[in-house]
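Working through the structure, step by step
Now for the letters of each chain:
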There are 2 protein chains.
Amino acid sequence: MKKVSEPTIGRLSVYLRLLMELAEADVDTVSSEELASRSGTTAAQVRKDLSLFGTFGKRGLGYSVPELVTRLRAILGLEKAWRVALVGAGRIGAALFGYENFRRQGFNIEAVFDTDPTKVGQRWNGLVVEADAGMERVLEERGIEIAVVAVPARAAQGVVDRLVAAGIRGILNFAPTQLDVPAGVVVKTVDMALEMEGLSYALSREEREPGAA
Amino acid sequence: MKKVSEPTIGRLSVYLRLLMELAEADVDTVSSEELASRSGTTAAQVRKDLSLFGTFGKRGLGYSVPELVTRLRAILGLEKAWRVALVGAGRIGAALFGYENFRRQGFNIEAVFDTDPTKVGQRWNGLVVEADAGMERVLEERGIEIAVVAVPARAAQGVVDRLVAAGIRGILNFAPTQLDVPAGVVVKTVDMALEMEGLSYALSREEREPGAA
């Protein structure tokens, strides 16, 4: 299977969400046109994206919803539950800890770390916030595979260096900073202001050229 | 100026962040190669993206950092401060309220709404959480232009319909659901599990084909 671009992976995740909604509503088949219109792309793009992973669907009959859900979950690595640690128990950490879509897609937060002594020892559902000093040991004991970094920008690189040294290969970063990691480690940085700038671009364009949005 | 794709706008935002860091460090010029390597793309892509908006930079001399910051801010609609309302004062709302990058880029939260009587009346920095019943009046009085929706999925469409009826044209949605809006209204849905699935894809691929990541 050849390497697939990030935008393609993003679209596959969007298709999977729509298909899961259809499956919950007991819908059996779906056309590429329907998937396209509900995910803001074209039917040709849907067919091209799905064809990367082999043959899906039958001409004129559309795609089988349950089959496509299974195949997309396999492609995206969602057949297993992932063991996740959250580093940073501040406001963003708390929001992520309660984030329903993580659990639904099989990303289970199994450890929470912070440096702040007033946070260490707090009970978050079944978990206790732990001191970051013991992080490496806990990561190993619990077989953590993915870390979510929700610490201030100035602390992020230090945390990431420790995570990488402890064998973590996947990092979701919410700190507003660029991170250096060695080859073989994947970092995704989430910047919520980027999405906001997509809005300000579109709204300003509308002001400059009415009807453009 | 022709319409620009969403991935391009996203890259412009990334370039702007790097340039702002360089400007803070008093760096005067930057090459397309440097911008590319720090933003995970190619120099050719950087030049192509920037050429969409006219001529920047001088061959062999690179781009002027302050000039490029000014131009990118103008393109992205960041020359002005945007008046933003936050709907939903739960955990995600609280994280967004404190999110530094919003303020830094000129997105100012000027109102917070919730339906929960235990939240209404809470003081969040200089603001008071207000009952959603009075939302339309407050949006108009404060000249709100953008709304951030951080309510449960089942409540999101109803909130969005009210926002659209009240004249809001830009919505940043954190509810895990698809939203219908009329033409001329821009919605960006942020799903933090999408980014997580980019990680699980890369890590599973690495397990299947070592060395692929």
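This section reports on the structure supplied with the text. Predicted model, so just to flag it, every value in this text is computed and none were measured. (Residues numbered from 1 in each chain as written. Chains lettered and ligands numbered in written order. Predicted model: local features only at pLDDT ≥ 70, side-chain atom pairs only at ≥ 80, totals over all residues. Heavy atoms only, no water.)

**A short note on the pairing of strand β8 (residues 170–173) of chain A**
All names here are of chain A. Of the two faces of β8, the one lined by Gly 170 and Leu 172 and the one lined by Ile 171 and Asn 173 are each fully buried. By the bridge criterion, four bridges tie strand β7 (residues 146–149) to β8 in an arrangement that is parallel. Its bridge partner being in β8, Ala 147 is matched across the sheet by Ile 171. Handedness of the β7-helix α8 (residues 153–165)-β8 crossover: right-handed. (Buried < 20%, exposed > 50% of the residue type's maximum accessible area, 1.4 Å probe, protein only. Helix = DSSP H or I, 4+ residues; strand = E, 2+ residues; numbered from the N terminus. Pairing = 2+ DSSP bridges. Right-handed = clockwise from strand over helix to strand, strands pointing away.)

**Digging into the relation of the copies chain A and chain B**
Each copy of the sequence occupies a distinct position, and chain A is placed on chain B by a rotation of 180° and an axial shift of 0.0 Å, giving an RMSD of 0.0 Å. In the structure described here, the two chain copies are related by an operation that fits a two-fold rotation axis. When C-alpha distances to the rotation axis are compared across chain A, the minimum falls at Ala95(A), with a value of 3.2 Å. Interface overlap between copies: 100% of the residues of chain A at the interface are likewise at the interface in chain B, consistent with a symmetric, same-surface contact. (Least-squares fit on C-alpha atoms with pLDDT ≥ 70 in both. Contact = heavy atoms within 4.5 Å.)

**Considerations on the layout of surface pockets**
What the second largest pocket holds in volume is close to 530 Å³. Surrounding the second largest pocket, 27 residues form its lining, Ile92(A), Ala150(A), Val151(A), Pro152(A) and Ala153(A) being those nearest its centre. Elements that contribute at least two residues to the lining of the second largest pocket include exactly α5 (91–97), β4 (107–114) and α8 of chain A together with α6 (100–104) of chain B. The greatest single-element share of the lining of the second largest pocket, amounting to four residues, is contributed by α8(A). Residues that form the lining of the second largest pocket fall into these classes: 15 nonpolar, five polar and seven charged. (1 Å grid on protein atoms, 1.4 Å probe; cavity = no way out; pocket = protein on both sides within 12 Å on 5 of 7 lines; lining within 4 Å. Points joined across faces, edges and corners; volume = space filled by probe spheres on them. Nonpolar A, V, L, I, M, F, W, Y, C, P; charged D, E, K, R; others polar.)

**Description of the interface of chain A and chain B**
In this assembly, 64 residues from chain A lie in contact with 64 residues from chain B. Both faces considered, chain A and chain B share a buried interface measuring about 5,700 Å² in area, 66% of it formed by carbon and sulfur atoms. Linking chain A with chain B are four salt bridges. One salt bridge in this structure joins Arg17(B) and Glu197(A), with 3.0 Å as the shortest N-O distance. Counting across the interface, chain A meets chain B through 20 residue pairs in polar contact (both at pLDDT 80 or more). Each residue belonging to the side of chain A that touches chain B can be placed in one class, and the counts come to 37 nonpolar, eleven polar and 16 charged. (Buried area = accessible area lost by both parts, 1.4 Å probe. Salt bridge = Lys/Arg side-chain N within 4 Å of Asp/Glu carboxyl O. Polar contact = N/O pair within 3.5 Å; in protein donor to acceptor, adjacent residues only side chain to side chain.)

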